[in-house]
Amino acid sequence: MPLSVLLLDTEPRTSNAYITLAVADALRRHPAVGRVVRATHADAVALAQDERFDLVLTLGGASRHHALLRRLCALAGTSALWTTEDPYLSAANARLSGCFDLVFTNDRGSLPRYGAGARHLPLAATTLFQDLPVRMEDAAYRYDLLFVGTAWPNRVATLNRILSAFPRDLKVKVALPANAYLPQAVLVRDDLITDWRCGNEDFARFANASRVVLTLPRIFTAGADETASGTTPPPRLFEVALAGGAQLVVGADPETFAYYEADREIRACAEEDAVRTIAAMLADPAARIAMAERARARTRAEHLYDHRVDVILRAVMERGIPAPGRAAPAATRPRLLFVAHNRAGRRQGGGVEFYQEQLARALDGFEALFLYPSFEEDAWVMRLDEGETSEALPIPPAERLLASPEIEALFERILVERRIDLVHVHHLLGLPLSLPAIARAHGVPVVAQLHDFFLVCHRYTLMNQHGAFCDVVNRGEGQCDGCLATAEGLPAGAKVRRDGFVARMLGSVDAFVTSTPATAAYVRAFYPEAAARVAVIEMVDAEPARLPPQPVPPENCAPKSPPPLRVAVLGNVVDHKGARTLLELVRTTDGENVVFEVFGYIETYLVAAFEAQAGERLTLRGGYAREEVPALLAGCDVSLHLSLWPETYMISLTEAWRAGLIPIVTDLGAPGERVTDGVDGLKVPPGESGAVRQALRRLAHDPGLVAGLRAAIAQKTFPTVAGHAAQMAALYRDLIAARPTPHAAPDEPSAPFTLSALDLGFRLNHPDWTDPAIVWDGAEETSTVTDALPPAVAGLPERALAPNDPGLSWEIADLVVDGQRLPGRIGACAACDSLSLRGWIWRPEAGRPVQTWLRLRSASATRFVTALPERRPELAGRFGTGRAEQAGFAAQVRTADLPVGPHAIDLLQVFPDHVAVAHEVARFTAPGFPAAGPVTPWRTGLPVPESALRRSAEPARLVGHGLQVIEGVPVARQGGLTRIEVVLPAGTRRGPSFLVLEGDGLEGHEGTAWARASWQDEDGTTRIGAEAQAREIPPGHYRVRALIGDEGGADLHETGTTLFVAPTARACLVTAEPPPALRRAWIPQVRGRPNLDAVTVGEASPLLGTPVTVSGWCFTPGRGRPLAWIARWGARGRRRFMIAESFARQDVAAHLAEADAVTAGFEVQLPLAALRDGSVRVFQVYERGAVALPDFPRHVLGMIPAGTNAG
Amino acid sequence: MLLKGSSPAKVLVASTSPDAVNHNAPIRDALRDGFAEVLGASAVRSSPLELAEEAVAGFRPSLVVALGSVAVDAAPLRALARSVRRVGARLAFWLHDDPYEFDYGPKAETLADHVFTNDRWALPHYRHPSVSHLPLAACRRTHDRPVRPMAERSLDLFFCGAAFPNRIALLERAQGSLAGRRVEVRGAGWPAALPFAENTRLSPAAMADRASMARLTLAIGRDLDIANRRCQLPASTPGPRVFEAALAGAPQLCFAAGLEILDAFEEGREILLFDDVDEIAEAIARSHREPAAFEAMAERARARALDAHTYRHRAETILAVMAA
């Protein structure tokens, strides 16, 4: 029997989706396989419920959406995991892979992490995209060298060594896709275009067209629990071989040669031999081409996905196909989740709230939980009630949201942790419309009860802007924009956005419950896409305890003065219930023998009109309880039900019939269906008071009609609560049987819940259907800079968050500047282009902030940037509550539009009544002017021969730089960008332009560096500018010069500016000039042990010899905030000073309960030789002056191994 | 020509987003003309999306080709699909913004009988059972120009397109080597730092005119995603500008972000590829040294476009696929 296979890529957002396509292709070809279904997270569980697959193969990892994977495993004949991201995710995969029958890891080195049954299965190549014959002629190749890979710094360094070694005519094709967490890749060949990417099929074509395809290792720093590098090569090894590429693998793991024979099938070498090996491969085309042929043949024989799939299928067959029925047995007492907009007892409610309590009580053999939005203490929460307990989960306002990742994740967690077997949606008002799709993704059946037309329109009674039933199904949707524009002030297109989403979401609903067929038919006519079954289960009323009064035959009434016809109006009086028809009726029946009794509240805006008519003919009796109805109606003859909208049931009609009243109903919706005209009531057109008056006159004057109606009404039977509940229970049991949801055992490991509508394929322009914005990829990643807070926020009082506030925990610990991540603590930095900050603030007593902003303060302006909420699952465990997950935020700031100079960042959290402010969480310097051109590297040396240099007497002038300034000196840091603009002397002729840094000559520091510049014209001046990256430039002071070339040579113009290149990625200044903070007669000493986090010895440089980097914190109270650190060394006359700004340490401030300690952190560099010779003195500069720390050097020295060479 | 179900082919070409936000409405008419060349004008209509329901009801086509981007959630695509079902026609979507808007594809997949995607690498990533690849093309009426002698061409280099970040970065790098050359860049969003770039939107015909006036027309693909998070697909199929410029008689220099372009044009004979910015200046210099070779290259590319890459050819493909 051929096997049926369900295949799922476990990562719903992945750039490697092609691997799943390749595996599906190989499975389809395999003789043991009869059927392959490529599933998504939206439908995988449901597909596995509909049909038992012999094999569920999940490709990727075990941690993402783990709860969903676990359910899938429980529904499979055999479940298998084939990881693709080991070793990087092997710890999580190993921890969570217990639910799979078979586990295959892509990395052999990760195998020991898994249990005994796991096997190693490398990824492979596919004939689907990569099967290309080797080019047999050397001349047929386009490229000499191909490298396509993420721009890890080690790879960029190796490429630069290779590119420097070959002439520029080496035909090189390089793609170096970067990400926000990598420094910008700067190659020595800056003519190469490297910022492109291609799909796997194109990659295979490039490999096929390249003489040498280069593979470079990825040196990667992962979390503490992860292995740094794997042993099994990535699939690219096999892909290139199949594509006919000749490969050179640099730094190959020995395991590589288990797949290809070294030198015969692939070349491998150490990093230092790369240049020589490439040259050798290029020099011997015949050998290279033959090698590629052999590798391709080996791949076709051993390393296709066909071969890998065969391994998996053999394992499946060895295991045997287990008999069906392994899935967890259905719960004996299934658990239902009632979802609604409210719950009785919370806010004032209506019929739905009453009904869901009534249903929950009447259901036998089920447990009902209640989920609903609630506005409490000025903030929205989602309440989950189970039995006597109620949990409040903070949520954003969701009334108009189609989707909300935050609420969806909470909902997923509820489904899983509360072991929900069925979701019954009574209403989604106040919740995102996506929730049924999350339930379906988990295989939980969904019932949607049609209490009104909320699925069709936000205006759920379908009353249009003119107060009439819009009848959108029959009159078309052309009127919707006008209605919503007038009635709700919404932009055109809003309704189409909502409808389009609901149409797709309804695919997740298993059954509609409706009181009458017409309601469901109307909804399905609007959404022909909806395939849900329709269950007609008639609504119930409160079931009076006693029998209705028997009608009194009319002929028994006293003939002389017939009593007036008593007309009851049941229910609240509001426009869409026909209030104005009623008012007209009262007015136009003046003088006729009719009296009206209104039972129910009158909406405020109608009270005056009704009270004006009140008197003998109109009695306003106010609100009532359901159980009072029979008594209230005793003595009435007729009831009016004049709704202008197509009611979906109308309980008051049942109540009137039970009381023996003759109902007059509008011929619309369920009442129109339920009443047979002239048999058990009378029907009138909606909104026509004249027709109602005629009906009343007929009843008053036609005793026979009345008698007939009463007799028929007396015969009517009504659904009982028990009967209704039994029907509902039968539906529930049916659906649960069709979609059994296997629940996890309590001791099974779990992973964060993050399933969102986006993961299910619901990509939206905007989560709010009333917002016409189309949010692009990346658009929300950069926050917009604005000049002011919104007025509603700006008017709120500010409350400063002191780091020592009890209960306050926070961390701002992830800083990326111009794409360069600065690990460790946050210090001041220069940001030419962008700066991103991530962090969290947790205050258990505070609700969830409405918004989080960054305030950027400079000397000349204050700007604001919105921060985006970021889920931090690890905080839930740390603080013992799921709410803490929502404490994270992230902001990315484009610094281009900010004024020049230093900025302080304050963090603002907006609450309904105040703004909480954390002052100066970080500091940075903005350049204040745009980049002149693309980023280029600073290269050592000069761009022209020394002999061609002409030193011009005419000076240039440096007019702008984006650098941090320490003691008046601009400071560049290693890896950072230097944006420099120089005005040239008037009349300078245009030619090739460069900026040149020339060492100041002190202590043998005579090196030069240069960068290509671009011409600029501004304010009538001629300028050149460059955006250049400082990397591996020896630290020290450099004079900035402009160099302009012409046919005869190049003119070097002095700018008179000196900048300092710091030794590390952190800015500091080393100078011979004593800083002002030390120019005082007496500096107090503070003895004590500094708190040292790390002491590391670096590579020697002329500036510091062997440097020692020391980080930690130190704080002396009573001197204000720490501002900077100074170290001094060297004999008098040869003294040097190292000056660095303080770092932020909120944790220290909290630990010491001392707000000023927030800048107690430091990271400084000291020369090891000076530490050893005892000449180092360290000072900490506070707002109120410097203090000397005489013990500091000794403690540092104590942490350095004695044998370390001082260079 | 018969379509599946053997009804005589009547085709309505409709846009997939309202014309108010649709920059590509001219392609709709170009495709209509392509169908008209195959089926005759009376068997073909075109309509903006906002009038498509009426057009379907009035014209009663057997096939509706919905052409364009499905990114705009406010576009009434469901109403279009309902009207198509009402007249018993088949509905094909030709999505021309893949892979940049691939995440919105499921909206079309739920409504379409068949999906055509402009991008070959996006193709296998669809789940719809009936999908095929169909690149955009050139319009004979709009883009066709005789190959002008190189001596008459007033520009050295021409590029027309939106200033996507990858394009800006490339031209910024190339800028230094283009000093002294007559360079014209047109489109939207170009930064002031590129002195040869002007933020002017050219009509399709004006674009063809300028391309035919340049010794070399640059082709640089787009790398800017609107909605491409799920699979983060890079583009593989060249954009329509390559076919349009070929028909306009322009020698082209195309950045090789992929080699699929070589399935449409032969390198060296019909187009040139480049990988680094120095090659742009070198190609301009060559066009001065070897004008005849560049003219011949333009002639061959134009002939290839006329032979295989006009909207008539695409219309034929659509009819063949829908009849199969």
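Being a predicted model, the structure only gives us computed values, none of them experimental. (Residues numbered from 1 in each chain as written. Chains lettered and ligands numbered in written order. Predicted model: local features only at pLDDT ≥ 70, side-chain atom pairs only at ≥ 80, totals over all residues.)

## A word on the UniProt feature "domain: Glycosyl transferase family" (unreviewed entry) in chain A
Phase 1 of the analysis: Mapped onto this numbering, the UniProt entry gives "domain: Glycosyl transferase family" (unreviewed entry) at residues 566-708 of chain A.
Phase 2 of the analysis: The span residues 566-708 of chain A carries 41% helix and 20% strand; its end-to-end C-alpha distance comes to 18 Å. (UniProt positions renumbered as here; feature names shortened; annotations may be inferred. Helix = DSSP H or I, 4+ residues; strand = E, 2+ residues; numbered from the N terminus.)

## Quick word on the environment of Arg 1119 of chain A
Residue and element names in this part refer to chain A.
Phase 1 of the analysis: Within the secondary structure, Arg 1119 is located in the loop between strand 52 (1107-1113) and strand 53 (1122-1129).
Phase 2 of the analysis: It is 74 Å that separates the C-alpha atoms of Arg 1119 and Ala 139, two residues lying 980 residues apart in sequence.
Phase 3 of the analysis: In this structure, Arg 1119 is in contact with Tyr 1182, Glu 1183, Arg 1184, Gly 1185 and Val 1187, ignoring residues within four places of it in sequence. (Contact = placed C-beta atoms within 7 Å.)

## Details of the UniProt feature "domain: Spore protein YkvP/CgeB glycosyl transferase-like" (unreviewed entry) in chain B
Phase 1 of the analysis: According to UniProt, the "domain: Spore protein YkvP/CgeB glycosyl transferase-like" (unreviewed entry) feature falls on residues 169-320 of chain B.
Phase 2 of the analysis: Between the end C-alpha atoms of residues 169-320 of chain B the distance is 41 Å, and the span holds 42% helix and 12% strand.

## A short note on the domain arrangement of chain B
Residue and element names in this part refer to chain B.
Phase 1 of the analysis: In terms of domains, chain B is made up of domain 1 (11-137 + 310-323) and domain 2 (142-308).
Phase 2 of the analysis: Here the C-alpha centroids of domain 1 and domain 2 sit 28 Å apart.
Phase 3 of the analysis: Each side of the interface is counted separately: domain 1 has 20 residues, and domain 2 has 23 residues.
Phase 4 of the analysis: Taken together, the residues that form the side of domain 1 that touches domain 2 break down as 12 nonpolar, four polar and four charged. (Domains from an automatic or database assignment. Nonpolar A, V, L, I, M, F, W, Y, C, P; charged D, E, K, R; others polar.)

## Digging into the nonpolar core
Phase 1 of the analysis: Within the largest apolar cluster, 438 residues are counted, with the highest numbers of intra-cluster contacts made by Leu 7, Leu 72 and Leu 995 of chain A together with Val 65 of chain B.
Phase 2 of the analysis: At nine residues, helix 1 (residues 17-29) of chain A tops the list of elements feeding residues into this core.
Phase 3 of the analysis: In terms of domain composition, this core takes at least three residues from each of domain 1 (11-137 + 310-323) and domain 2 (142-308) of chain B.
Phase 4 of the analysis: What Leu 995 of chain A contacts, discounting residues up to four positions off in sequence, is Ile 980, Val 982, Trp 1010, Ala 1011, Ala 1013, Ala 1026, Val 1040 and Ala 1042 of chain A.
Phase 5 of the analysis: In this structure, Ala 656, Ile 662, Val 692 and Ala 695 of chain A belong to the second largest nonpolar core, which totals 45 residues. (Core = buried A, V, L, I, M, F, W, Y, C linked by C-beta atoms within 7 Å. Buried ≥ 20, exposed ≤ 12 C-beta atoms within 10 Å, placed from the backbone.)

## Details of the interface of chain B and chain A
Phase 1 of the analysis: If you look at the interface, chain B gives 46 residues, while chain A gives 43 residues.
Phase 2 of the analysis: Sorting the residues of the side of chain B that touches chain A by element identifies helix 3 (77-86), helix 4 (105-109) and helix 6 (165-175) of chain B as the ones contributing at least two each.
Phase 3 of the analysis: Per-element tally for the side of chain B that touches chain A: the top contributor is helix 6 of chain B, with six residues.
Phase 4 of the analysis: Split by residue class, the side of chain B that touches chain A holds 21 nonpolar, nine polar and 16 charged.

## Focus: the pairing of strand 35 (residues 901-910) of chain A
Residues and elements named next belong to chain A.
Phase 1 of the analysis: Alignment of strand 32 (residues 851-857) against strand 35, held across seven bridges, turns out to be antiparallel. The residue of strand 35 that forms the bridge with Gln 851 is Val 910.
Phase 2 of the analysis: As defined by bridge partners, strand 35 adjoins strand 36 (residues 915-926) across nine bridges and the pair is classed as antiparallel. In the sheet register, Leu 908 faces strand 36, and the bridge partner there is Val 917. (Pairing = 2+ DSSP bridges.)

## Let's talk about the sheet that holds strand 20 (residues 565-570) of chain A
Residues and elements named next belong to chain A.
Phase 1 of the analysis: With respect to topology, six strands assemble into an open sheet ordered 22-21-20-23-24-25, the strand pairing being parallel. The open sheet is flanked by strand 22 (618-622) and strand 25 (682-684), the only strands paired with a single partner. Pairwise comparison of adjacent strand axes, ignoring direction, gives a mean angle of 25° for this sheet.
Phase 2 of the analysis: Sheet analysis places strand 24 (residues 662-666) next to strand 25, joined by three bridges and oriented parallel. Among the inter-strand pairings, Thr 666 is bridged to a residue of strand 25, identified as Val 684. (Axes fitted to C-alpha atoms, helices over the stretch in contact; angles between N-to-C directions.)

## Some remarks on the confidence of the model for chain A
Phase 1 of the analysis: For chain A, mean pLDDT is 90; residues scoring 70 or higher make up 94% of the total.
Phase 2 of the analysis: Counted against residues more than four places away or in other chains, residues 221-227 of chain A, with its pLDDT under 50, gives 10 contacts. (pLDDT = per-residue confidence, 0-100.)

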